[in-house]
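A closer look at the structure
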Amino acid sequence: MKCTIKISIVCAILTFSTQLFAQEIIEDEVKDSIIVNDTISAAIDSLKTTVVPPKPFQRMKVDGVAAVIGEHVILDSDIDIAYQQLISEGVSASDVSRCELAGSLFENKLYAHHAVQDSIEVRDAEVNSMVDQQLNYMTNELGTIEKVLRFYKKDNVEDFKKELFDINKSNRLSEQMRTKIISDIEVTPEEIREFFEEIPVKERPLFGTEVELAQIVIEPEIPEEEEQKVVDRLKQFREDIVEKGSSFATKAVLYSQDPGSKSTGGKYTLDRQTNFAKEFKDVAFSLQEGEVSEPFKTDFGWHIVKVDKIRGEEIDVRHILLTPEVTRESVDKAKKKIDSIRGSIVSGSLKFTEAARKFSDEKETKEDGGQLINPTTGDTHFELTKIDPILYDQVSKLKTDEVSLVIPDQDRQGRKKFKLITVLNRYDEHIADYAKDYLKIQELALRKKQIDAIRKWQNEKIMDTYIKINGEYRDCEYSGNWLKKEK
């Protein structure tokens, strides 16, 4: 089981004709040397986290080669489908031109080409895992693998998987090349100050209202008898498979509670670097080919695993996941507990941070007094206008140190839990201030320096790479010198 698995974010948006459009997009020009135009990046980023099958065309023109970047061919149909995908996502046609989208695809393929030249490697196990998850998601969305193949006009699963493999490997190469370009870039305090002072006072950024948050999470306890029911059931599955010859894959399809793999018989491909639960990998890599594990536990529930194939450091496994039921009695007990905690905090007999350290069931935050880290920025500040709408509703009206009402929530398996939230600090909307907003200004300065480095690298590599742009795409105005015009 992947530690961070959420099926809604498992797949980058894919084009399944003959090629795929870019996953990684270089930011647009920095407006007035400060603000990145995020229109295209936001549109493409939304595609990277959502898999929506492309709408069928009413007309299709004869496919042709739009461009060749190194050894990569970009077809007219790649750009057609990418553009239609943006429209299907609700992006206005006026917000992005075909030329801009084509330029993004060119950049992606330039990265991928030079990643190979620079001996950047992408592990096959990582790519295979991505392919498995993509196929699982598509199958869940469309119902059966046969429907997936019909929808994408593919003859068989193996050819489809090979195409997905090539697509994902190209995208990962592109991503890693871009990361390599900017990996050693840093900004000094003097560069940060110069960057800020070059911004005219009237054009300095406006930072929205921000809050620092903490939470307490109480999860209902799972009774031992419910845990034992799951263990006993998995032991029975194992006995049926090992001693009676039952199909592991069939049992996974029928009984596994992992939505990411049950439709394909519980299958995953992984190596020791794959981002799965440590307990899962420890068991999987201790097994011989064909061997089925005893039941074991992770944060996701209880599993049994079978190793289908060992290929050096890479293995194909199948697993069955079962999660114990939470009783009504346990839920009621958890609710009473968090009500009592809230009462103690509101009365002043217990501080929120102390209560979090003592009672919270959220391992990631309890030792820090429940304080939340913004996953986007890596710091403790959350801009109200940019946080999740559900979280916004919960905290927008809270005053500093005020405690929310008890908020019902769910864990990854859909089991009920409860939480309290408080606002530790609130920072009102204001014009950028060097002292107060140093970290944000540092981030802007670093971003600009990274963009400048990427642009410099791109301009140099364009001149050193075989590039041919065809047809209408020769008439576009690009940020990069793709036509290699003399300046």
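Report on the accompanying structure. (Residues numbered from 1 in each chain as written. Predicted model: local features only at pLDDT ≥ 70, side-chain atom pairs only at ≥ 80, totals over all residues. Heavy atoms only, no water.)

1. Considering the pairing of strand 10 (residues 314-322)
Here strand 10 lies mainly inside the structure; nine of its nine residues are buried. The alternating pattern of strand 10 places Glu314, Asp316, Arg318, Ile320 and Leu322 on one face and Ile315, Val317, His319 and Leu321 on the opposite face, and all of these are buried. Two elements, strand 7 (residues 267-270) and strand 10, share four bridges in a ladder whose sense is antiparallel. The partner of Thr269 across the bridge, within strand 10, is Asp316. One ladder, built from nine bridges, connects strand 9 (residues 301-311) with strand 10; its direction is antiparallel. Within the sheet, the bridge partner assigned to His303 lies in strand 10 and is Leu321. Here strand 9 folds back onto strand 10, and the loop between the two strands holds two residues, one of which, Gly312, carries a positive phi near 65 degrees. (Buried < 20%, exposed > 50% of the residue type's maximum accessible area, 1.4 Å probe, protein only. Helix = DSSP H or I, 4+ residues; strand = E, 2+ residues; numbered from the N terminus. Pairing = 2+ DSSP bridges.)

2. Overview of the state of the cysteines
The tally for this structure, following the rule as stated, stands at one disulfide. Between the sulfur atoms of Cys99 and its disulfide partner Cys476 the distance amounts to 1.9 Å. Where Cys99 bonds to Cys476 through sulfur, the torsion about that S-S bond is close to -70 degrees, and the disulfide is left-handed. Of this pair, Cys99 sits in helix 4 (residues 98-117) while Cys476 is found in the segment after strand 15 (467-469), placing the two residues 377 residues apart along the sequence. On the accessibility criterion, Cys99 (25% relative accessible area) is partly exposed. (Disulfide = S-S within 2.5 Å.)

3. Some thoughts on the pairing of strand 13 (residues 416-427)
Two strands pair when backbone bridges link them, and strand 6 (residues 210-218) and strand 13 are joined in this way by nine bridges, in the antiparallel orientation. Directly across from Val217, in strand 13, lies its bridge partner Lys419. Relative to strand 13, strand 12 (residues 407-410) runs antiparallel, the two sharing four bridges. By the bridge assignment for strand 13, Pro408 is matched with Phe418. Linking strand 12 to strand 13, which pair antiparallel, is a turn of five residues; within it Gly414 sits at a positive phi near 85 degrees.

4. A word on the environment of Arg328
Within the secondary structure layout, Arg328 lies in helix 12 (residues 328-347). Under the relative-accessibility criterion, Arg328 is labelled exposed at 52%. Residues Arg328 and Pro220 lie 108 residues apart in sequence; the distance between their C-alpha atoms is 9.2 Å.

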